[in-house]
Amino acid sequence: MLKYSSVSSLLSGWERGGEMAKTGQLGCEAAVGSLTPAKKKEYKVSNRLHEGKRPLYAISFNFIDARYYDVFATVGGNRVTVYRCLEQGLIAVLQAYVDEDSFVGHGDSVNEIRTQPLKPSLVVSASKDESVRLWNVHTGICILIFAGAGGHRNEVLSVDFHPSDIYRIASCGMDNTVKIWSMKEFWTYVEKSFTWTDLPSKFPTKYVQFPVFIASVHSNYVDCTRWLGDFVLSKSVDNEIVLWEPKTKEQSPGEGAVDILQKYPVPECDIWFIKFSCDFHYNAAAIGNREGKIYVWELQSSPPVLIARLAHAQCKSPIRQTALSFDGSTILSCCEDGSIWRWDVVQS
């Protein structure tokens, strides 16, 4: 999956950032990307469609099953629609449904769901009820609840599994923090969830009350976070995505320093709940803004390189989320006005 060697090798070329969370020492300024596109790739609009007037807040390609890499889904409210990207820019509707019956557990809206790529039966959800929950979708069991004394103090907006450390997740939210959690000491319950034969409601769900690391990288809502190897990408409402390295203290859970490594500017991205996406190998990240434009950044270069800036005269609504295809050749976006836009790379 992720090319750790290339990510790690960038460290030697990166100026080590000096912004801190909790404790830490000052370093140099972070590398900031230029907004002049390198024109490494050119994309064109190949399709657009409207689901209706209801805002669409989430869109995502399937990266779990290689047979369906061209399948994506959108979510708005409790409506889910599944599509397939076909050749020549076509989009086929596979299934659309309104689901009143989902996993019972969260006390409020669910803001994001992520699947564990190493164990696809495991799904983690982030909720308005200030908790993160780990589920086994095959048995319907809520295994762990990440909340409590050291948990988030407001809505949790985003969550992500570490790409190689199966025990580790990161979450962020409206309390302005990014928290890193470990499931290592609770892993026996994860294993037990696969063989549980009683009612899911009788499973001994455990609380994980304390994260192993708390980062105050941003001064406002943090609405999207993704792992990049052992580094973390996160964004707030301050017109940029930030790449940083958490430096945890084994003896002092929750404490540590943050090295800000790189910053990827995104103009007019100062409203919350705008989420970025990455291709399967994390070569690029795409993010929309409140004016309907998309910025595509190369992730594995220093300083950051802007691959492309995408704009269309009729796309003016805020883009709530993008979806990069497996190889980055297709970019999808879902908008506040209920529209879906498809951009395809122009083959030279």
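Residues numbered from 1 in each chain as written. Predicted model: local features only at pLDDT ≥ 70, side-chain atom pairs only at ≥ 80, totals over all residues. Heavy atoms only, no water.

**Q** Would you mind showing me how to read the overall build of the protein here?
**A** On a plain count of helices and strands, the protein comes out with 2 helices and 26 strands. Over its C-alpha atoms the protein spans a radius of gyration of 20 Å, differing by no more than 12% from the 20 Å that the globule rule assigns to 348 residues. Taken along the three principal axes of its C-alpha coordinates, the protein extends 55 × 50 × 35 Å. Here the protein, with 348 residues, has 52% of them falling under the buried criterion. Across the protein, every contact between residues at least 6 apart in sequence was considered, and the portion connecting residues at least 24 apart equals 57%. (Helix = DSSP H or I, 4+ residues; strand = E, 2+ residues; numbered from the N terminus. Rg over C-alpha atoms; globule rule 2.2 N^0.38 Å. Buried < 20%, exposed > 50% of the residue type's maximum accessible area, 1.4 Å probe, protein only. Contact = heavy atoms within 4.5 Å.)

**Q** Please clarify how the environment of Cys-278 should be interpreted in this entry.
**A** On the secondary structure map, Cys-278 appears in strand E20 (residues 277-278). Distance in space between the C-alpha atoms of Cys-278 and Asn-220 is 23 Å, their sequence separation being 58 residues. Filtering out sequence-adjacent residues up to four positions away, Cys-278 remains in contact with Phe-63, Leu-233, Ala-284, Ala-285, Leu-299 and Leu-324.

**Q** I keep staring at the pattern of salt bridges and nothing clicks. Help me out?
**A** On inspection of all chains with the given rule, the structure shows 17 salt bridges. Of the charged contacts, one joins Lys-247 and Glu-245 as a salt bridge, the two residues approaching to 3.9 Å between their closest N and O atoms. Relative accessible area serves as the criterion here: at 15%, Glu-245 is assigned to the buried category. In this structure, Glu-336 and Arg-320 form a salt bridge, with 2.8 Å as the shortest nitrogen-oxygen distance. Taken together, the residues span a long stretch of sequence, with Glu-336 in the loop between strand E25 (330-335) and strand E26 (339-345) and Arg-320 in strand E24 (residues 319-324) at a distance of 16 residues. The exposure class of Arg-320 is buried, given its relative accessible area of 11%. (Salt bridge = Lys/Arg side-chain N within 4 Å of Asp/Glu carboxyl O.)

**Q** Explain helix H2 (residues 187-195) here, please?
**A** An α-helical segment advances 3.6 residues per turn. Residues three or four places apart therefore align on the same side. By the burial criterion, the buried members of H2 are Trp-187, Val-190 and Ser-193. The arc enclosing the buried residues of H2, seen along the axis, measures out at 110°, which places them on a common side. Every exposed residue of H2 that faces more than 90 degrees away from the buried side is listed here: Thr-188 and Thr-195. Buried residues in H2 make contact with strand E8 (122-127), strand E9 (132-136) and strand E10 (141-146). (Arc of directions from axis to C-beta.)

**Q** Hey, could you run me through the UniProt feature "repeat: WD" (unreviewed entry) in the protein in this one?
**A** Under the UniProt annotation, the feature "repeat: WD" (unreviewed entry) is placed at residues 103-145 and 149-184. When the span residues 149-184 is considered, its composition is 0% helix and 47% strand, and the gap between its end C-alpha atoms is 19 Å. (UniProt positions renumbered as here; feature names shortened; annotations may be inferred.)

**Q** Looking at this structure, how should I read the nonpolar core?
**A** As a rule of thumb, soluble globular proteins bury nonpolar side chains together. Grouped together as the largest cluster of nonpolar side chains are 21 residues, with contacts concentrated most on Leu-134, Ile-143, Leu-144, Phe-146, Ile-169 and Met-183. For this core, the leading source of residues is E10, giving 4 residues. Not counting the four nearest positions on each side in its chain, Ile-143 is found in contact with Leu-122, Leu-134, Trp-135, Asn-136, Tyr-189, Val-190, Ser-193, Phe-203, Thr-205 and Lys-206. Membership of the second largest hydrophobic core comes to 20 residues, among which are Leu-228, Leu-233, Tyr-264 and Phe-276. (Core = buried A, V, L, I, M, F, W, Y, C linked by side-chain atoms within 4.5 Å.)

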